[in-house]
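# Architecture at a glance
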Amino acid sequence: MTKKSVESVEFTPHAHWVGDGFHVLPLFANKAFTPAVSPFLMLDYAAPEIFPPREQPPGVGPHPHRGFETVTIVYAGEIEHRDSAGHSGKIGVGDVQWMTAASGILHDEFHSREQSRKGGPVSMVQLWVNLPAKYKMTKPSYQTLLAQDIPVIALSDEAGQLRVIAGAFNDQQGPARTFSPLSVWDVKLEVGKQAHLPIPKGYRTLLALLEGEISIGEKAYRKGEVLFFSDQGEHIEISAKTQTKFLILSGEPINEPIAHYGPFVMNTQDEIRTAIDDFRRGRMGHLAA
Ligand code: MN
């Protein structure tokens, strides 16, 4: 079995606000929406941040999406979502919201009312996952994946834990239904420990380091860095220099053209124009006030 090697590293120093509720680092901004990250599109990370108590929940008001999926993992606090397809849900620490926009939805994303009233730390990631062309205009859907339904694998030598959100780890299957072969693993590795992680052959593989410091081979990597691995090889070897938290994203690349404009991800500019037009004409539905 050959090891995957680190081919490049991305670091994005500047955070920006999404609405007034999510202060995020776009973790691989320079490679977002390119084949290098396929089947994924982009990844926003809101590091833990304390919000003062307030009556009106912070967040982002109604906006559309078409052609892909948004995946939100909560690390601290509680987040609420509503969409024009009639789905709604509240997710707390360890829970995941897997929203398939497909042919188009309108939704809003806020801190929950309770979270907002009491204030306190909020931390999350939002990952955008592309859809193969044949699924882009299918019916929107929604999955709430609760922490209790996500398998937690204890890594050997008490090295830490790996949560299988999507795809599989060895023979443990994660709960997310996906439209192309991919894995999303949420990992904690303890100081001084090592992990040996098998990755299916040919999967494009990224590691997003959310907390702590790791080393791979001779090189050290720090919080906020995203590592891109070679497509060749079937496993990765990671050592933790401190307590760490990271995501491993891997999957079969979707070898189709990407046309991206704001909240729409299609295959051609024509389809983008149609998306903008459909949104303006109210064809992506409506949200109750
Ligand atoms: Mn959204």
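Our structure's up above, just so we're on the same page.
Read on for a plain summary of the structure.

Conventions adopted
Residues numbered from 1 in each chain as written. Predicted model: local features only at pLDDT ≥ 70, side-chain atom pairs only at ≥ 80, totals over all residues. Heavy atoms only, no water. Helix = DSSP H or I, 4+ residues; strand = E, 2+ residues; numbered from the N terminus. Rg over C-alpha atoms; globule rule 2.2 N^0.38 Å. Buried < 20%, exposed > 50% of the residue type's maximum accessible area, 1.4 Å probe, protein only. Contact = heavy atoms within 4.5 Å. Lys, Arg positive; Asp, Glu negative; His and termini not counted. Charge placed at Lys NZ, Arg CZ, Asp CG, Glu CD. Polar contact = N/O pair within 3.5 Å; in protein donor to acceptor, adjacent residues only side chain to side chain. Expected span 1.5 Å × (residues − 1). Arc of directions from axis to C-beta. Phe/Tyr/Trp six-rings, centres within 6.5 Å; stacked < 30°, edge-to-face > 60°. Lys NZ or Arg CZ within 6 Å of the ring centre and 35° of its normal. Pairing = 2+ DSSP bridges. Axes fitted to C-alpha atoms, helices over the stretch in contact; angles between N-to-C directions. Core = buried A, V, L, I, M, F, W, Y, C linked by side-chain atoms within 4.5 Å. Salt bridge = Lys/Arg side-chain N within 4 Å of Asp/Glu carboxyl O.

## A word on the overall build of the chain
Within the chain, the regular secondary structure consists of two helices and 26 strands. In summary, the chain has a C-alpha radius of gyration of 19 Å against a globular reference of 19 Å for 289 residues, a match within 12%. Summarising its shape, the C-alpha atoms of the chain cover approximately 55 × 45 × 35 Å along the three principal directions. Taking all 289 residues of the chain together, 56% fall into the buried category. Pairs at least 24 residues apart make up 72% of the contacts formed inside the chain by residues separated by at least 6 positions. Separation of charge centres in the chain, based on 28 positive and 33 negative side chains, amounts to 3 Å.

## A short note on the side chain of Thr100
Considering the arrangement of structural elements, one finds Thr100 in strand E9 (residues 96-100). Polar contacts involving the side chain of Thr100 include one to the side chain of Glu69, which spans 2.6 Å. Thr100 has contacts with Phe68, Glu69, Leu131, Pro140, Ser141 and Phe179, leaving out every residue within four places of it along the chain.

## So, helix H2 (residues 269-280)
For H2, built from 12 residues, the straight-helix expectation of 16 Å at 1.5 Å per residue is met to within 8% by its first-to-last C-alpha distance of 17 Å. By the burial criterion, the buried members of H2 are Ile272, Ala275, Ile276 and Asp278. Buried positions in H2, seen along its axis, are confined to an arc of 165 degrees and lie on one side of it. Along H2, the residues that are exposed and aim more than 90 degrees away from the buried face are Arg273 and Arg280. Elements that come into contact with the buried residues of H2 comprise strand E25 (259-261) and strand E26 (264-266). Positive backbone phi, approximately 80 degrees, marks Gly282, located one or two places after H2.

## Some words on the packing of aromatic side chains
Under the criterion given, the structure shown has seven aromatic pairs. Measuring from ring centre to ring centre gives 6.3 Å for Phe28 and Phe228, while their planes differ by 75 degrees; the resulting arrangement is edge-to-face. Of this pair, Phe28 sits in the loop between strand E3 (22-26) and strand E4 (40-51) while Phe228 sits in strand E22 (residues 225-229), placing them 200 residues apart in sequence. Of the two residues examined, Phe28 and Phe228, each falls in the buried class. Ring centres of Phe68 and Trp128 lie 4.4 Å apart, and the angle between their planes is 35 degrees; this geometry places the pair in the tilted category. Note that Phe68 is positioned in strand E6 (residues 68-76) and Trp128 in strand E11 (residues 120-130), a separation of 60 residues in sequence. In this structure Trp128 comes out as buried when scored by relative accessible area, which is 10%. Here the aromatic residues Phe33, Phe68 and Trp128 are joined through ring pairs into a cluster of three or more. Of note, Lys31 hangs over the ring of Phe228, and the distance from its end group to the ring centre comes to 4.2 Å. The cationic tip of Arg222 hangs over the ring face of Phe11; the distance from NZ or CZ to the ring centre is 4.6 Å.

## Some thoughts on the sheet that holds strand E14 (residues 160-166)
Across the sheet, seven strands lie side by side as E1-E22-E19-E24-E17-E14-E13; this open sheet has antiparallel pairing. Each edge of the open sheet is held by one strand with a lone partner, namely strand E1 (6-11) and strand E13 (152-155). For this sheet the average axis-to-axis angle between neighbouring strands, irrespective of direction, equals 20 degrees. As paired strands, strand E19 (residues 204-211) and E22 are joined by three bridges and run antiparallel to one another. Considered in E22, the bridge of Leu207 is made with Leu227.

## A word on unusual backbone geometry
A cis amide bond, omega 15 degrees, links Ser38 with the succeeding residue Pro39. Relative to the elements of secondary structure, Pro39 occurs in the loop between E3 and E4. One non-glycine residue, Phe33, lies in the positive phi region at around 60 degrees. As for its placement among the helices and strands, Phe33 is situated in the loop between E3 and E4.

## Structural notes on the nonpolar core
Leu43, Trp98, Val184 and Leu247 are the most contacted members of the largest nonpolar core, which totals 36 residues. Tallying contributions element by element places E4 first for this core, with five residues. Apart from residues no more than four positions distant in its own chain, Leu43 is found in contact with Leu25, Pro26, Leu27, Phe28, Val125, Gln126, Leu127, Ala208, Leu247 and Leu249. Counting 25 residues, the second largest nonpolar core, distinct from the first, contains Ala159, Leu227, Ile236 and Ile238.

## Looking at the pattern of salt bridges
What the rule picks out here adds up to 13 salt bridges. A salt bridge links Arg82 to Asp108; the shortest N-O distance between them is 2.8 Å. Here Asp108 lies in strand E10 (residues 105-111) and Arg82 lies in strand E7 (residues 79-83), a separation of 26 residues in the sequence. Since its relative accessible area comes to 32%, Arg82 is described here as partly exposed. The exposure class of Asp108 is buried, given its relative accessible area of 5%. Two residues, Arg204 and Asp231, come together in a salt bridge whose shortest N-O distance is 2.8 Å. With Arg204 in strand E19 and Asp231 in the loop between E22 and strand E23 (235-240), the pair connects residues that are 27 residues apart, well separated along the chain. Its relative accessible area of 18% is what places Arg204 among the buried residues. Judged by relative accessible area, which is 26%, Asp231 ranks as partly exposed.

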